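Single-letter residue listing:
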Amino acid sequence: MIWNPEMEAMPRASLEALQLRRLQEVVRRVYERVPLYRQKFDAAGIHPDRVQRMDDLRRLPFTTKSDFRDTYPFGLFAVPVSSTVRVHASSGTTGKPKVVGYTQNDIQVWAEVCARCLAASGAAPGDVFQNAYGYGLFTGGLGMHYGAELMGLVVIPISGGNTERQIMLLRDFGAKVIACTPSYALTLAEAMAAQGIAPGSLNLRYGVLGAEPWTEAMRDEIEARLGIAALNIYGLSEVIGPGVSNECLEEKNGAHVFEDHFLVEVVDPQSGENLPPGEPGELVFTTLTKEALPVIRYRTGDIASLNLAPCACGRTFVRMSRIVGRTDDMLIIRGINVYPSQVEAALVGLPEMSPHYQLVVTREHTLDVLEVKVEVTDGFARQFGGAFDGDEAEVQELALRCRQKLLGVLGITAQVTLVPPGKLPRSEGGKLRRVIDQRRL
Ligand code: DLL
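Since we're looking at a predicted model, the values are computed, not measured. Residue positions are given per chain, counting from 1 as you read along its sequence in written order. In keeping with the predicted nature of the model, local features appear solely for residues at pLDDT of at least 70, side-chain atom pairs appear and are counted solely at 80 or more, and the whole-chain, interface and lining totals rest on all residues. Side-chain figures throughout are based on the complete set of non-hydrogen atoms in the structure, without hydrogens or water.

(A) Structural view of the overall build of the protein. Going along the chain from the N terminus, every DSSP run of H or I of four or more residues is numbered as a helix, and every run of E of two or more is numbered as a strand. Across its full length, the protein holds twelve helices and 21 strands. Radius of gyration: C-alpha atoms only; globule rule: 2.2 Å multiplied by the number of residues to the exponent 0.38. A compact globule built from 441 residues would reach a C-alpha radius of gyration of about 22 Å, and the protein, at 22 Å, matches this within 12%. Dimensions along the principal axes, computed over C-alpha positions, put the protein at roughly 70 × 55 × 40 Å. Counting over 441 residues, the protein shows a buried share of 56%. We call two residues in contact whenever any of their non-hydrogen atoms come within 4.5 Å of each other. For the protein, the share of sequence-separated contacts (at least 6 apart) that also reach a separation of at least 24 residues comes to 66%. Per-residue accessibility takes into account occlusion by the displayed protein chains alone, with areas from the Shrake-Rupley method and a 1.4 Å probe. Accessible surface computed for the protein: about 18300 Å², of which carbon and sulfur atoms make up 52%. Positive residues here are Lys and Arg, negative ones are Asp and Glu, while His and the chain termini are left out of the count. Note that the charge is assigned to NZ on lysines, CZ on arginines, CG on aspartates and CD on glutamates. Measuring between centres, the 46 positive side-chain charges of the protein sit 3 Å from its 52 negative side-chain charges. Burial here depends on accessible area, computed with a 1.4 Å probe over protein chains only, as a share of the maximum for the residue type. Under 20% is buried, over 50% is exposed, and the range in between is partly exposed.

(B) Inspection of the pairing of strand β2 (residues 98–102) at higher detail. Of all five residues making up β2, five are buried, and the element is well covered by its neighbours. Both faces of β2 are covered, namely the face carrying Lys 98, Val 100 and Tyr 102 and the face carrying Val 99 and Gly 101. One requirement defines pairing of two strands: DSSP has to find at least two bridges between them. Here strand β1 (residues 86–90) pairs with β2 via five bridges, running antiparallel. The partner of His 88 across the bridge, within β2, is Val 100.

(C) Representation of the site of the ligand within the structure. Every one of the 22 residues lining the ligand counts as a neighbour, but Asn 232, Ile 233, Ser 237, Asp 302 and Lys 431 are closest to it. Polar contacts, as counted here, are pairs of nitrogen or oxygen atoms within 3.5 Å of one another; within protein the pair requires one atom able to donate a hydrogen and one able to accept it, and residues that are adjacent in sequence qualify only if both atoms are side-chain atoms. Glu 212 has a polar backbone atom sitting 3.2 Å from a nitrogen atom of the ligand. Asn 232 has a polar side-chain atom sitting 2.7 Å from a nitrogen atom of the ligand. Protein contact buries 92% of the 610 Å² of open area that the ligand shows by itself. When residues of the shell around the ligand are traced back to their parent elements, those giving at least two are α6 (139–151), β7 (229–236) and β8 (241–247). With five residues, the single largest contributor to the shell around the ligand is β7. Near residues are defined by distance, with any heavy atom within 4 Å of the molecule or strand qualifying the residue.

(D) Here's a closer look at the nonpolar core. Membership of the largest hydrophobic core comes to 73 residues, with the highest contact counts inside it found for Leu 118, Phe 129, Phe 262, Leu 283, Phe 285 and Met 320. By residue number, the principal contributor to this core is helix α5 (residues 104–120), which donates nine residues. Those residues in contact with Leu 118, other than ones at most four positions away along the chain, are Ala 123, Phe 129, Met 144, Gly 147, Ala 148, Met 151, Leu 153, Val 177 and Val 208. Nonpolar cores were defined as sets of buried Ala, Val, Leu, Ile, Met, Phe, Trp, Tyr and Cys residues, with membership established by side-chain atoms within 4.5 Å. Within the second largest apolar cluster, 30 residues are counted, among which are Leu 347, Leu 350, Leu 406 and Val 416.

(E) Structural detail: the pairing of strand β6 (residues 206–210). With five of five residues buried, β6 is to be regarded as a mostly interior element. Inspection of the sheet shows strand β5 (residues 177–180) paired to β6 by four bridges, in the parallel sense. When the sheet's bridge partners are listed, Val 177 is paired in β6 with Tyr 206. The path from the first strand over the helix to the second decides the hand: if it runs clockwise while the strands point away from the viewer, the crossover is right-handed. Note on the crossover from β5 through helix α8 (residues 182–194) to β6: the handedness is right-handed. Relative to β7, β6 is paired through five bridges, and the arrangement is parallel. Counterpart to Gly 207 in the pairing with β7 is Ala 230.

(F) Summary view of the domain arrangement of the protein. For each domain, the first and last residues come from an automatic or database assignment. Considered domain by domain, the protein is made up of domain 1 (1–324) and domain 2 (331–437). Spacing between the C-alpha centres of domain 1 and domain 2 amounts to 30 Å. Interface area for domain 1 against domain 2, summed over the two sides, is near 1300 Å², with a carbon-plus-sulfur share of 53%. Only one rule defines a salt bridge in this text: a Lys or Arg side-chain nitrogen within 4 Å of an Asp or Glu carboxyl oxygen. Across the contact surface, domain 1 and domain 2 share one salt bridge. Between domain 1 and domain 2 we count eight residue pairs in polar contact (both at pLDDT 80 or more) in total. Going through the elements one at a time, α8 and α9 (216–226) are the ones with two or more residues in the side of domain 1 that touches domain 2. With five residues, the top contributor of residues to the side of domain 1 that touches domain 2 is α8. When residue character is reported, Ala, Val, Leu, Ile, Met, Phe, Trp, Tyr, Cys and Pro are called nonpolar, Asp, Glu, Lys and Arg charged, and the others, Gly included, polar. Broken down by class, the residue content of the side of domain 1 that touches domain 2 amounts to nine nonpolar, six polar and three charged. Reported buried area values correspond to the accessible surface (1.4 Å probe) lost by two parts on association, with both partners' losses combined.

(G) Fine view of the environment of Gly 254. Position of Gly 254 relative to the elements: it lies in the loop between β8 and β9 (255–257). Its relative accessible area of 13% is what places Gly 254 among the buried residues. When the C-alpha atoms of Gly 254 and Ala 229 are compared, they prove to be 15 Å apart, with 25 residues separating the residues in sequence. The residues touching Gly 254, leaving out its near neighbours within four places in the chain, are Glu 247, Cys 248, Arg 319 and Met 320.

(H) Inspection of the environment of Gln 415 at higher detail. Looking at where Gln 415 falls in the secondary structure, it is placed in strand β20 (residues 415–419). Judged by relative accessible area, Gln 415 falls into the partly exposed class, the value being 42%. Separated by 291 residues in the primary sequence, Gln 415 and Ala 124 place their C-alpha atoms 47 Å from one another. Excluding its chain neighbours within four sequence positions, the residues that come into contact with Gln 415 are Val 369, Leu 370, Glu 371 and Val 372.

Here you go:
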């Protein structure tokens, strides 16, 4: 179902006219109200009046994560703090969190785009919705909550974690739709299997999963083990939170960016030059309607590509691919760029492998060592009664095949450690950290 067909299926020419109007407004507003933008625009010699065509966007300076840090906590707000009704914050790996604010109108826009996500994922008014994203400073819980209420879903605001209770409520309240991180969806699937609950035996049909990278292989696994359709939702606090884009149930092939509210570009992470559709690069967003915290050309650090081809669902909004990496998550191992998602992609072809993996990078003397820990499937482990220590011929043979696959995909040798099912850390409700880089310690 399309939540707002008038906007989501608008002809591209009308959309572009709307975008230009909104862009001109927002550029003027930040220039007048946010000192950092005025400084940047002046330094680049760009006056808001110079934005006459969509192409002029490319001339505007970028906004970065460090702009948030430098103006912490409220320096990027374009309204007085007293005019906001909500503040969220997202913690990075280091330092102070990025603080984001919302006016009443921003909250309404946010609810609208989250309702679009839920509808695109299969939800319909009246459905019971278990919201297992964390409530709090994290945007996931409250963002989806307001979207769901707007749509008329029956919201169960359970938040993340407490797997036993999640399963009890899935059974007793009969949610049709769940929202959580994909890694947590797997945690739920495992716990349900352990309780003997068969996939599809509950009322659950749709998952709105995101907030962290995942793959097609993980989708297959989640869909099979939970008996649901699993859809990818993307977003980030600096732009709004969840609700920047969402896949459609019809195609499940790229997430439609809600382009009436967010302009998307893909740029070369090094040069900052715009890249054509189809080419992977860094996602850059400009908010068109946000009042409290508009961002102009915000560099997300997320790597993806765009697809402008028409979609069977009828939405005219551009689609973005899955996030295939992050500019700052990229590991440089012995001089070679490695993205965690490449490791996952390499392992997918091996049927004995589960989607649970972890990368550990260490430095021995001056040499970087990449260890890839992977859980094997239950089926593979069963031949050893579920446990093995790695010396078994079959395990060694599989580890060797894994190493060769990784060498082919990454171009470097990795140590492969195969572990029995259930041995690697699981999501306890939120985002899962898959990379442990001990070189920085
Ligand atoms: O994670 C917002 C969100 C909540 C999105 C719930 C979807 C569902 P942050 O905590 O600010 O906001 O983290 C944003 O998470 O820049 C990406 O690196 C990553 N991310 C979010 N969604 C996806 C996704 C929320 N579907 C950062 N695939 C982003 C891959 C994702 N990465």
